[in-house]
Amino acid sequence: MTHAESAVSATERAPFGGNKKAHWEEKQQSLSSEKDLRTLIAELENEMGIELVEKRDTVEPLIREFRARSGVVVEGDSKARIDLALAFFEMELFKDSREEFELVREEDPLYTEAQMLLAEVRIAEGSDLGALEVYHKCLRDGRLSSWQVCHCRYQLSGIYCRLEDFEKAMEQLQAIERTFPDYRDSRRLKRQIQERIESS
């Protein structure tokens, strides 16, 4: 199971609204079994005599130093970089998380996975338009699996609902139905959206 697949249930928002700051508790079991990023963070905390759970304005300089040091460790290792980005996400350091995901290069085998997770970060930041752009970029990438395509379209349908563009939301759900008719609760969402369209 990929990072993106294991994170789905903890990161998705309801199409008509919901919690912008979703948490990825499930990711705590999927960090690297070797020297994971939580260990690196703990070592940095111990070395500097601080805890990274302090207020954000006092933590940011420390995070910058940590990222500078960890950059050497994760350079060329996209899985480690994704783990680092997820660790930042769990600490609600969304900007740092986003920047780490953006460093995964397009030619990397884990690029599409990083992009899908980047879209989740954009949602957590409250940027539906940012997430919209990333998901469409993912759909233009020919490396997505059928599951990943459906996930992107499902998330897009939710974003379009929140933007009150119900026609486009319906288009995404209809595309899902052609591949996986019983994908999650897409049929229920279609009925809800149809009701919204008819009442508008």
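If you're wondering where the values come from, they're calculated on a predicted model, not measured in any experiment. (Residues numbered from 1 in each chain as written. Predicted model: local features only at pLDDT ≥ 70, side-chain atom pairs only at ≥ 80, totals over all residues. Heavy atoms only, no water.)

**What to know about the overall build of the chain**
Counting secondary structure elements, the chain contains 10 helices and 0 strands. Reading the chain from its N end, one meets helices and strands in the order α-α-α-α-α-α-α-α-α-α. When each of the 200 residues of the chain is scored for burial, the buried share is 50%. Carbon and sulfur atoms provide 47% of the accessible area of the chain, an area that totals close to 10,500 Å². (Helix = DSSP H or I, 4+ residues; strand = E, 2+ residues; numbered from the N terminus. Buried < 20%, exposed > 50% of the residue type's maximum accessible area, 1.4 Å probe, protein only. Areas by Shrake-Rupley, 256 points an atom, 1.4 Å probe, with all protein chains shown as cover.)

**Examining unusual backbone geometry**
With phi around 60 degrees, E92 is a residue other than glycine that occupies positive phi space. Looking at where E92 falls in the secondary structure, it is placed in the loop between α4 (78–90) and α5 (94–102).

**A closer look at α4**
For α4, built from 13 residues, the straight-helix expectation of 18 Å at 1.5 Å per residue is met to within 8% by its first-to-last C-alpha distance of 18 Å. When you tally the buried positions in α4, you get 12 out of 13 residues, the bulk of the element. The complete set of buried residues in α4 reads S78, A80, R81, I82, D83, L84, A85, L86, A87, F88, F89 and E90. Directly beyond the C-terminal end of α4, a positive phi value near 60 degrees is found at E92. (Expected span 1.5 Å × (residues − 1).)

**Let's talk about the packing of aromatic side chains**
If you walk through the whole model with that rule in mind, you get 2 aromatic pairs. Judged by centre distance (5.8 Å) and plane angle (70 degrees), the ring pair of Y154 and Y183 falls under edge-to-face. Taken together, the residues span a long stretch of sequence, with Y154 in helix α8 (residues 146–162) and Y183 in the loop between α9 (166–179) and α10 (186–199) at a distance of 29 residues. Each member of the pair, Y154 as well as Y183, carries the same accessibility label: buried. Above the plane of the ring of Y154 lies R184, whose end atom (NZ or CZ) is 4.6 Å from the centre. (Phe/Tyr/Trp six-rings, centres within 6.5 Å; stacked < 30°, edge-to-face > 60°. Lys NZ or Arg CZ within 6 Å of the ring centre and 35° of its normal.)

**Considering the pattern of salt bridges**
One pass over the full model with this rule turns up 10 salt bridges. Put simply, R122 and E125 hold a salt bridge, and the shortest N to O gap is 2.6 Å. For the salt bridge of R188 with D185, the shortest nitrogen-to-oxygen distance reads 2.2 Å. Using a relative accessible area of 35% as the deciding quantity, one classes R188 as partly exposed. According to the relative accessible area criterion, D185 is partly exposed, its value standing at 23%. Sharing partners across several salt bridges, the network here consists of R98, R122 and E125. (Salt bridge = Lys/Arg side-chain N within 4 Å of Asp/Glu carboxyl O.)

**A look at the nonpolar core**
The biggest cluster of nonpolar side chains holds 37 residues, and the ones touching the most others in it are I82, F101, Y135 and I193. Secondary-structure elements contributing two or more residues to this core are α4, α5, α6 (111–124), α7 (128–139), α8, α9 and α10. In terms of residues, this core owes the most to one element, α6, which gives 8 residues. (Core = buried A, V, L, I, M, F, W, Y, C linked by side-chain atoms within 4.5 Å.)

**Quick look at the packing of α7 against α8**
When two helices pack together, their arrangement is given by the angle between their axes and by how far apart the axes lie. The interhelical angle for the contact between α7 and α8, taken along N-to-C directions, is 150 degrees, at an axis separation of 10 Å. On the basis of their axis angle, the class for α7 and α8 is roughly antiparallel. Relative to α8, α7 is oriented so that their crossing is left-handed. Where α7 abuts α8, its residues D128, A131, L132, Y135, H136, C138 and L139 lie against V149, H151, C152, R153, Q155, L156, I159, Y160 and R162. Its residues assigned to classes, the contact of α7 with α8 shows 10 nonpolar, 3 polar and 3 charged. (Axes fitted to C-alpha atoms, helices over the stretch in contact; angles between N-to-C directions. Parallel < 35°, antiparallel > 145°, perpendicular 65-115°, else oblique. Left-handed = near helix turned anticlockwise from the far one by under 90°. Contact = heavy atoms within 4.5 Å. Nonpolar A, V, L, I, M, F, W, Y, C, P; charged D, E, K, R; others polar.)

Geometry only, nothing functional implied.
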